[in-house]
Structures are given as C-alpha cells and as structure tokens.
Amino acid sequence: RLVHLDLKGAAPRAQYLEQLLPLLRALGATGLLLEYEDTFPYTGPLELLQAPHAYSPEELQALLSWARAQGLDVVPLLPFPLQFVLKHRQFAHLREVKELPNALNPHKEESLALVKAMIDQVMALHEDLQWFHIGCDEVYYLGEGEESKQWLQQQNNTPEKLCLSHIKAVATCLAWSYPMVTPIVWDDMLRGISEETLAESGVPQLVQPMIWDYATDINVEGKVQLIEKYRRCGFSKVWFASAFKGATGANQSLTLIGHHLRNQLEWLQVAQRSPADVLEGIALTGWQRYDHFAVLCELLPVAIPSLAVCLQALKNGGYSEKVKENVENLLGMPNLEIETFMSPSLGTFPGSNVLTLVTQISFHLKSSVDELLERNRYSTGWFSPYHRKRKIIHPIIVHHLQPDAVRLFSKWNAVVQDLQAAMEPVFHSCAIEEWMEENVHPHLQKLQEVVDDLDEA
C-alpha cells in the first residue's frame, strides 16, 4: 500500500513529512511513491530543473532514512513525459512537437541520454530500491512530431508501436544499469493495444503496469478482464492505483472522503476477483496538480482524513464502524464525517489546524462576502456599483453598512493570518502565496474595496 506524494505543487517541508510518516505507517501504509518532479536536488547540467523550494540532498536523505525507520519502502517516480523539463528553453529542442512541452522526442539520442542522466541522479540518492516508477502516462502528441511522422510512414509502423518502443527504451535505460530494480508504468497507454502487439514488443518482460482508475463506479468485470489480458501478454505482476485526493476537480479545495472510500471499495472487489499471485500492490494517489501547469487542488493536510479512511479500508478489507473508530482514534478526530465535507473540528494529526481553517474559508469566505455585496439590501439598494463608482451615499446608510463590512473584513483577516501561521511549518512561502491568491485574495479584495469605498463616500 503505497502512499503517493505528488511533489509538483505545495511540496511539504521535510520536517512536516518526518511528523507524518509514523502516522502513515500506523494507518496501514507500507511504502511511499515519491513523485519528485522539480523538487529533486538535480546537479550539473540538470540543476536548472530544480524549483527554488527543491529538497536539498541532506533533506532528501533524511526523508529516506525516516521512511526506512518506519519500515516504508520508497518508490521514486519520474514522470516521463517530462513537462517540467521540456518547459525550459534549454531542453525545448527535445520536444516531440516544437510548441508543446508534452512529450519527449523518442528519436533523438539526446532524449535517452537525458532520461538516463535523470535516472542515475535519482538512483544515486536511493538505496536498496525494488521498484522505480517511470510514468509514461497520457503521452499526448507522441507521433505528431516531424521525425515520428516519417517513422510512421514506414511499413508496419503504428502509433502503438511507437509508444511501446519509447516505453521499452526508457525501461531498458533503467534495466541495463540497475538490473535489480523493476520499472513500473501507468497503464493508460497500454490498455487499448492488442495482445499480439503488446506481447511482441518485449515491454511485458521489462515493466509492471499500474492500472489506474479514480472513479466510484469502476467497471470491475472490465478490470478483471484487463488483468487477464496483461497476464496473457507476459506481464508478471500488476499494480492498482486508486486516489485519496486530487481526482474530483482541478481546483478542488476540500476532499470528499466518501468519493475516495468508494473508489477503494471498488478496487477491493477487483482484487477479490483477480488471481492472488498477480497483484503486487496498490498506490493511493494524492494528486497536487492535474498536471505541471494546473492550479493546486486539495492540500495534503486537508486530505489526511481521506487518506486515513482509504488506507484503513484497504488494510481491513472494507469499511465498518470499527474501522471508523480506528481512524478517529489515530487522527484524534471525533465524529468523522465521510459523506459531507468535514466539519472544522480540530484533530491531533500533523497539520490538522490547516484542515480546520481551510474548511472555514472554503465554506464561508465567498458566501459571506456575496451575502454582504449581493444580498444585503443596503448594499444593493443604496450602495450599488453605480453609487460606489461616484462615491455617493446617504449618511444613514453608512451607519447601517459600514460596521458590518469592517467587522467582516477584520474577522476574515484574522482567520487568514491564522491559516498563514498554520501553513508556514508545513509549506514553503511559494505554496502559501499560490493558495492564498487562488482561494482567498479575490474575496478579501472585494471586501477591502467596499470598506475603502465606504470610507471615501
């Protein structure tokens, strides 16, 4: 049971992860799937890939030793295709399509040299790895570059074969240098490929596919048949991938636990109907952005209750009153709600104050500002946009409206300052700034403007 930490947005500080790992272990995690992206401490020509908040080698080694101390396997994930690499001007010449940083050109020797250099640097900081996830999902636009178009004109060449040859090349890069490590790939590019083409490609002997589906109504029978197809093609083992957050909306701020619990229960049905020896494990994904260029979705501390419920359900083979009690005890949260968004009661898990304050803001900030500006009769009747623009107001309306506006502005300012203080031990300033600009500032700014307009009028 791997917990996926998607570090391409709001990457937690190393010290926060140190506090979190014992809880993950207690909840039933057996490993971490670390999707580094631009938070890995690359060196040499690759150093420009590092974000300003990337982990230092010392922080990363500390994190890996804390994971070992908790008995958690670590599986690094390098997301080929490499949006976070191909966005840089220095690597733009390796794009499959010149204008788009979506896929690596599979025909250039330099592309594979880049892949190998990245794998080598990640491997150098990790000991005793059993698996290495090489991504290979959603490789949009592969086959649309000029060299690929020429390749596809040759006899018997198809987009499917191009995709498989690319996966094989990346997996071989890993296998040649690190024969004890098994590559894992997302399976979405493999699902539609015929058994014959898959079997002939040599890919099934090199990688283990991770079958992902984050829905609440998985086609269980279809998944069982897909597993059987993969076995017939020569794949020795498969993985499943569910989600505990980051799969219900690109700009989602709160995690609906019930959705993610139902997703786990569906996967348990698939597991029960699959041969016992075929399943290697399951990764509980927790996406932090839908892709490298998207906004942030639910922050990690906000989704800890969902992760706890999902892990415990998988560990116990289902969800029951006893499992619910276990989760409540481990999180220090009474009255865990799974079918509605969490009421903002404080737990004792690391970052629970972030959850409480984010819940308060997500539920009430926008609605309270809208109430004042769009449903308060003094605002709509006597201090409309027309009045505000011209700074005209009847003096008695100031007495009716100004105290409410000032009180609301002061209240939310205090909540936001509390949230900022709660987020600082968990996140770097860039993540806090981004979350605030997306979720807080537009509404606070409206309040600030009405307070200012009342003053002037």
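All values reported here derive from a predicted model rather than from experimental measurement.

This part covers the overall build of the protein. The helix and strand inventory of the protein stands at 17 helices and 10 strands. Relative to the globule expectation of 23 Å for 457 residues, the C-alpha radius of gyration of the protein, 25 Å, shows essentially globular dimensions. Along the three orthogonal principal directions, the C-alpha set of the protein runs to about 80 × 55 × 45 Å. When burial is assessed residue by residue, the protein has 55% of its 457 residues classed as buried. Accessible area of the protein: about 19700 Å², with a carbon and sulfur share of 50%.

All right, on to the packing of helix α1 (residues 14–27) against helix α10 (residues 304–316) then. Orientation of α1 relative to α10, taken along the N-to-C sense of each, is 30 degrees, at an axis distance of 9 Å. Relative to α10, α1 is oriented roughly parallel. Together, Y16, L20, L23, L24, A26 and L27 of α1 and I304, L307, A308, L311, Q312 and K315 of α10 make up the contact between the two elements. Taken together, the residues that form the contact of α1 with α10 break down as 10 nonpolar, 1 polar and 1 charged.

Considered domain by domain, the protein is made up of domain 1 (2–331) and domain 2 (352–456). The interface of domain 1 with domain 2 comprises 16 residues on the first partner and 18 residues on the second. Per-residue buried area on domain 1 facing domain 2 is highest for R13, L254 and L299; these three make up 34% of the total on that side. In this structure, R289 and E434 form a salt bridge, with 2.8 Å as the shortest nitrogen-oxygen distance. For the interface between domain 1 and domain 2, the tally reads 5 residue pairs in polar contact (both at pLDDT 80 or more). Taken together, the residues of the side of domain 1 that touches domain 2 sort by class into 12 nonpolar, 2 polar and 2 charged.

What UniProt calls "domain: Glycoside hydrolase family 20 catalytic" (unreviewed entry) maps, in this numbering, to residues 52–201. A distance of 40 Å separates the end C-alpha atoms of residues 52–201, which is 45% helix and 17% strand.

Inspection of the entire model under this criterion finds 18 salt bridges. Residue K391 is joined to D453 by a salt bridge in which the shortest nitrogen-to-oxygen separation is 3.7 Å. Placement of the pair is K391 in the loop between α14 (385–390) and α15 (395–423) and D453 in helix α17 (residues 441–456), with a sequence separation of 62 residues. Judged by its relative accessible area of 13%, D453 is buried. Ionic contacts of the salt-bridge type, sharing partners, join the residues D6, K8 and E35 into one network.

Axis separation between α15 and helix α16 (residues 429–439) bottoms out at 10 Å; the angle between their running directions is 150 degrees. What the angle tells us is that α15 and α16 run roughly antiparallel. The chirality of how α15 crosses α16 is right-handed. For the pair α15 and α16, the contacting residues are V416, L419, Q420 and M423 in the first and I432, W435 and M436 in the second. Residue classes in the contact of α15 with α16 are distributed as 6 nonpolar, 1 polar and no charged.

This brings us to the side chain of H133. Mapping H133 onto the fold places it in strand β6 (residues 131–135). Polar side-chain contacts of H133 include one of 3.0 Å to the backbone nitrogen of G135. Look past the residues within four positions of H133 in its chain and what remains in contact with it is L33, V75, P76, L77, L78, I184, V185, W186 and M210.

Sheets are built from strands paired through backbone hydrogen bonds, the pairs being either parallel or antiparallel. Here we have 8 strands rolled up into a closed barrel, ordered β1-β2-β3-β6-β7-β8-β9-β10, and parallel in their pairing. With direction set aside, neighbouring strand axes in the sheet form an average angle of 30 degrees. By the bridge criterion, 7 bridges tie strand β9 (residues 238–245) to strand β10 (residues 279–286) in an arrangement that is parallel. Paired with S242 across the bridge in β10 is L284. The strands that α10 touches are β1 (2–6), β9 and β10; relative to β10, the one it contacts most, it runs at about 165 degrees.

The next subject is the environment of L408. Looking at the secondary structure, you find L408 in helix α15. Given a relative accessible area of 15%, L408 falls into the buried group. With 39 residues separating them in the primary sequence, L408 and V369 have C-alpha atoms 8.0 Å apart. Other than its neighbours up to four places away in sequence, L408 contacts S368, V369, L372 and L447.

This next bit is on the pairing of β9. Within β9, 8 of the 8 residues are buried, which leaves the element mostly enclosed by the surrounding structure. Pairing geometry for strand β8 (residues 208–212) and β9, over 3 bridges, is parallel. The residue of β9 that forms the bridge with M210 is W239. A crossover links β8 with its parallel partner β9, the connecting element being helix α8 (residues 220–233), and its sense is right-handed. In this fold, β9 hands off to helix α9 (residues 257–272), which returns the chain to β10; that crossover is right-handed.

So, about the packing of aromatic side chains. Centre-to-centre distance and the angle between the planes together describe a pair of aromatic rings. The full count for this structure, using the stated rule, is 9 aromatic pairs. Geometrically, the ring pair formed by Y230 and F235 is edge-to-face, given 5.3 Å between the ring centres and 75 degrees between the ring planes. Owing to a relative accessible area of 0%, Y230 belongs among the buried residues under this scheme. Among the aromatic residues, ring-to-ring pairing joins Y36, F40 and Y42 into one connected group.

The rules behind each value
- Residues numbered from 1 in each chain as written.
- Predicted model: local features only at pLDDT ≥ 70, side-chain atom pairs only at ≥ 80, totals over all residues.
- Heavy atoms only, no water.
- Helix = DSSP H or I, 4+ residues; strand = E, 2+ residues; numbered from the N terminus.
- Rg over C-alpha atoms; globule rule 2.2 N^0.38 Å.
- Buried < 20%, exposed > 50% of the residue type's maximum accessible area, 1.4 Å probe, protein only.
- Areas by Shrake-Rupley, 256 points an atom, 1.4 Å probe, with all protein chains shown as cover.
- Axes fitted to C-alpha atoms, helices over the stretch in contact; angles between N-to-C directions.
- Parallel < 35°, antiparallel > 145°, perpendicular 65-115°, else oblique.
- Contact = heavy atoms within 4.5 Å.
- Nonpolar A, V, L, I, M, F, W, Y, C, P; charged D, E, K, R; others polar.
- Domains from an automatic or database assignment.
- Buried area = accessible area lost by both parts, 1.4 Å probe.
- Salt bridge = Lys/Arg side-chain N within 4 Å of Asp/Glu carboxyl O.
- Polar contact = N/O pair within 3.5 Å; in protein donor to acceptor, adjacent residues only side chain to side chain.
- UniProt positions renumbered as here; feature names shortened; annotations may be inferred.
- Left-handed = near helix turned anticlockwise from the far one by under 90°.
- Pairing = 2+ DSSP bridges.
- Right-handed = clockwise from strand over helix to strand, strands pointing away.
- Phe/Tyr/Trp six-rings, centres within 6.5 Å; stacked < 30°, edge-to-face > 60°.

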